[in-house]
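Okay, here's what each chain looks like letter by letter:
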Amino acid sequence: MATTIALDPVHEDLVRRQLESGRYNDARAVVEAGLHLLEEAERRRQAQLDALRTDLAAGLASGPDAPAEGVFETLQARYRARINDTGQG
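Residues numbered from 1 in each chain as written. Predicted model: local features only at pLDDT ≥ 70, side-chain atom pairs only at ≥ 80, totals over all residues. Heavy atoms only, no water.

Considerations on a nonpolar patch on the surface
Okay, step 1: Together, Ile 5, Leu 7, Val 31, Leu 35 and Leu 38 give the surface a local cluster of nonpolar side chains, amounting to about 410 Å² of exposed area.
Okay, step 2: Positionally, Leu 35 belongs in helix α2 (residues 27-61).
Okay, step 3: Of the residues examined, Leu 35 reaches a relative accessible area of 46% and is grouped as partly exposed. (Patch = residues over 30% accessible without salt bridge, like charges linked within 9 Å, V, L, I, M, F, W, Y side chains within 5 Å. Areas by Shrake-Rupley, 256 points an atom, 1.4 Å probe, with all protein chains shown as cover. Salt bridge = Lys/Arg side-chain N within 4 Å of Asp/Glu carboxyl O. Helix = DSSP H or I, 4+ residues; strand = E, 2+ residues; numbered from the N terminus. Buried < 20%, exposed > 50% of the residue type's maximum accessible area, 1.4 Å probe, protein only.)

Dropping the structure here:
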């Protein structure tokens, strides 16, 4: 499938600089490299979304929520008791 695209001056300059560097043989290779990066970024984004959805589902399945204030009070009491038990206070 042959496609013609028009680039803005900034991207035209980027392609030109890449060609002048000798890294790429033609504009098509520069565009393909950019598309490969886009594909990889999209794969990473999808993997992150999948991981977030998995974590969200696990959180929802873990049971009812608890008010944070009560949880912090319990933790503070537990750590105070540990400090008192070890004589570090």
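Following the structure, the description resumes.
Brief notes about the confidence of the model for the protein chain
Okay, step 1: Taken residue by residue, the protein chain gives an average pLDDT of 93. The fraction at 70 or more is 98%.
Okay, step 2: Looking over the protein chain, one finds the lowest element-wise mean pLDDT in helix α3 (residues 68-86), namely 91, and the highest in helix α1 (residues 9-20), namely 98. (pLDDT = per-residue confidence, 0-100.)

Some thoughts on the pattern of salt bridges
Okay, step 1: Across all of its chains, the model carries eight salt bridges by this definition.
Okay, step 2: Taken together, the shared-partner salt bridges connect Asp 13, Arg 16, Arg 17 and Glu 20 into one network.

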